Amino acid sequence: MVEDRDAGAGRSVVDGTAYFNRTTHYLDEHVDVVRNVSTVLAIAGFAFAARSIRMFSKFYTVADIPRHFIHKNVRLQGKVVGVQDHHLKVEHIPILHVRIPYLMQERKSTTIGVYLAGVQFEEGAAQWLKENVDSQAVFFKMLQVNSHEGLDCIVTVRRPGWRGLFSSMCVNEELVRHGLGKVAPIEGMQVGTMYVKLTKRLLRAELVAERKRRGIWTEPTILQRYKAKYGNVKEDVKMAAQRGKMAVVESGRAVVSPVSSLKRLWNYVLKKFRRE
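Residues numbered from 1 in each chain as written. Predicted model: local features only at pLDDT ≥ 70, side-chain atom pairs only at ≥ 80, totals over all residues. Heavy atoms only, no water.

**Thoughts on the overall build of the chain**
So, step 1. Of the regular secondary structure elements, the chain holds nine helices and eight strands.
So, step 2. Here the chain, with 276 residues, has 25% of them falling under the buried criterion.
So, step 3. Across the chain, contacts joining residues at least 24 apart in sequence account for 64% of those joining residues at least 6 apart. (Helix = DSSP H or I, 4+ residues; strand = E, 2+ residues; numbered from the N terminus. Buried < 20%, exposed > 50% of the residue type's maximum accessible area, 1.4 Å probe, protein only. Contact = heavy atoms within 4.5 Å.)

Structure, rendered in structure tokens:
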């Protein structure tokens with residue numbers, strides 16, 4: 001029994017070795033075929049991945065963007081071509097922009113409305129965006145489609161100067177940090193991890209702006225408060241005095257100002273003192 005078992009194990013080892021040798025020999029003889037098959041599989045895998053993430057697709061409107069991209073909060077790249085109505089006008093840039101003449105017909109370029117999620121624009125916000133973001137390449141992380149048929153997004157851009165080589169800035173935060181925007185709820189968006197994280201970041205930025213008295217959080221000086229409160233009092237007194245004089249003249253009485261009355265009283269006292 002033991003000898004039969006050992007013999008069977010020996011035969012299985014010999015058969016396995018022979019099968020491995022035959023396979024190796026076949027691959028050596030058909031190495032070109034193996035390489036071609038590997039290349040075809042790699043190309044097929046790359047094509048499938050490119051199609052799934054739309055590497056070559058350019059989105060001209062919000063309707064062109066697949067809904068699962070928005071639900072998964074995919075980040076896209078684009079170029080800001082203008083600032084209008086409290087949002088950015090962005091032209092989408094595909095991951096790989098390949099144009100084949102005569103085979104691809106380029107559509108008329110249109111822009112996507114990108115809104116800064118969680119930010120309410122205040123005075124000076126549009127001007128700041130024109131100076132710092134307009135004509136710049138940006139990345140926008142899509143959160144949802146809003147009621148304006150635009151995208152509520154988290155927008156990032158390279159920092160100006162040499163710092164842009166190493167870091168980028170969140171436009172949503174920077175606008176609030178400069179006191180040019182207030183934190184606002186994102187209408188229609190479910191409260192989740194993304195919502196809570198963004199709101200916390202914006203609230204911290206707003207606290208910095210309020211502490212440093214920037215933008216809308218700037219308090220007027222004492223002189224400005226005094227002028228705002230009492231600046232018109234002098235004019236009101238003059239107008240009231242003029243109205244009083246006109247009323248006296250119209251009644252037929254002589255107009256005697258307080259200054260002239262004091263002068264007459266002072267002259268009377270001097271004359272009386274000299275006589276004595």
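**Notes on the packing of aromatic side chains**
So, step 1. All told, the structure shown has one aromatic pair when counted by the stated rule.
So, step 2. Taking 6.2 Å as the distance between ring centres and 85° as the angle between the ring planes, the aromatic pair formed by Phe59 and Phe69 counts as edge-to-face. Note that Phe59 is positioned in the loop between helix H2 (31-53) and helix H3 (67-71) and Phe69 in helix H3, a separation of 10 residues in sequence. Each of the two residues, Phe59 as well as Phe69, counts as buried. (Phe/Tyr/Trp six-rings, centres within 6.5 Å; stacked < 30°, edge-to-face > 60°.)

**Focus: helix H4 (residues 125-132)**
So, step 1. Among the residues of H4, those classed as buried are Ala125, Trp128 and Leu129. The buried residues of H4 occupy one face: seen down the axis, they fall within an arc of 100°.
So, step 2. Here the buried face of H4 lies against strand S1 (75-84), strand S2 (87-93), strand S4 (119-121), strand S7 (168-170) and helix H5 (171-177). (Arc of directions from axis to C-beta.)

**Let's talk about unusual backbone geometry**
So, step 1. Positive phi is not limited to glycine here, since Ser135 has a value of about 65°.
So, step 2. Within the fold, Ser135 resides in the loop between H4 and strand S5 (137-145).
So, step 3. Backbone geometry places Glu149, a non-glycine residue, at a positive phi of 60°.
So, step 4. Locating Glu149 in the fold gives a position in the loop between S5 and strand S6 (151-158).

**Here's the deal with the pattern of salt bridges**
So, step 1. Per the stated rule, a full pass over the model turns up four salt bridges.
So, step 2. Notably, a salt bridge pairs Glu173 with Arg177, separated by 3.4 Å at the nearest N-O pair. Of this pair, Glu173 and Arg177 both sit in helix H5, four residues apart, which is roughly one turn of the helix. (Salt bridge = Lys/Arg side-chain N within 4 Å of Asp/Glu carboxyl O.)

**A few points about the side chain of Asn172**
So, step 1. Within the element layout of this structure, Asn172 appears in helix H5.
So, step 2. On the basis of relative accessibility, which here comes to 0%, the residue Asn172 falls in the buried class.
So, step 3. Within polar-contact distance, the side chain of Asn172 engages the backbone oxygen of Ala117 at 3.1 Å.
So, step 4. Apart from residues no more than four positions distant in its own chain, Asn172 is found in contact with Leu116, Ala117, Val119, Cys153, Ile154, Val155 and Leu202. (Polar contact = N/O pair within 3.5 Å; in protein donor to acceptor, adjacent residues only side chain to side chain.)

**Some thoughts on helix H6 (residues 193-211)**
So, step 1. When the terminal C-alpha atoms of H6 are compared, their 27 Å separation across 19 residues agrees well with the 27 Å that a helix rising 1.5 Å per residue should span.
So, step 2. If you check which residues of H6 are buried, you get Tyr195, Leu198, Leu202, Ala205, Glu206 and Ala209. Relative to the axis of H6, the buried residues are bounded by an arc of 105° and lie together on one face. Of the exposed residues in H6, the ones pointing more than 90 degrees away from its buried face are Thr193, Lys197, Lys200, Arg204 and Arg211.
So, step 3. Close packing links the buried residues of H6 with S4, S5, S6, H5 and strand S8 (181-183). (Expected span 1.5 Å × (residues − 1).)

**Here's the deal with the confidence of the model for the chain**
So, step 1. The predicted model of the chain averages 76 in pLDDT, with 58% of residues at 70 or higher.
So, step 2. In this model residues 44-53 is a low-confidence stretch, pLDDT under 50, and it forms seven contacts with partners more than four residues away in sequence or in other chains. (pLDDT = per-residue confidence, 0-100.)

**Comments concerning the pairing of strand S3 (residues 112-116)**
So, step 1. Burial within S3 is extensive, with five of its five residues counted as buried.
So, step 2. Side chains Ile112, Val114 and Leu116 of S3 all project onto a buried face; the interleaved residues Gly113 and Tyr115 project onto the opposite face, where all are buried too.
So, step 3. In this structure, S2 lies alongside S3, joined through three bridges in antiparallel fashion. By the bridge assignment for S3, Leu88 is matched with Val114.
So, step 4. Across three bridges, the pairing between S3 and S6 is parallel. (Pairing = 2+ DSSP bridges.)

**Section: the environment of Val157**
So, step 1. Residue position: Val157 is located in strand S6.
So, step 2. Note: C-alpha distance between Val157 and Ser167 (10 residues apart in sequence) is 8.9 Å.
So, step 3. Beyond its immediate sequence surroundings of up to four residues, Val157 is in contact with Gln136, Ala137, Val138, Ser168, Met169 and Val171.

**Some words on the pairing of S6**
So, step 1. Counted residue by residue, S6 has seven buried out of eight residues, so it is predominantly covered.
So, step 2. Pairing geometry for S5 and S6, over seven bridges, is antiparallel. Paired with Gln144 across the bridge in S6 is Asp152.
So, step 3. In textbook terms, the turn of a hairpin is the stretch between consecutive antiparallel strands, and for S5 and S6 this stretch comprises five residues, one of which, Glu149, has a positive phi near 60°.
So, step 4. Bridge count for S6 against S7 is three bridges, and the pairing is antiparallel. Bridging from a neighbouring strand, Thr156 pairs with Cys170 of S7.

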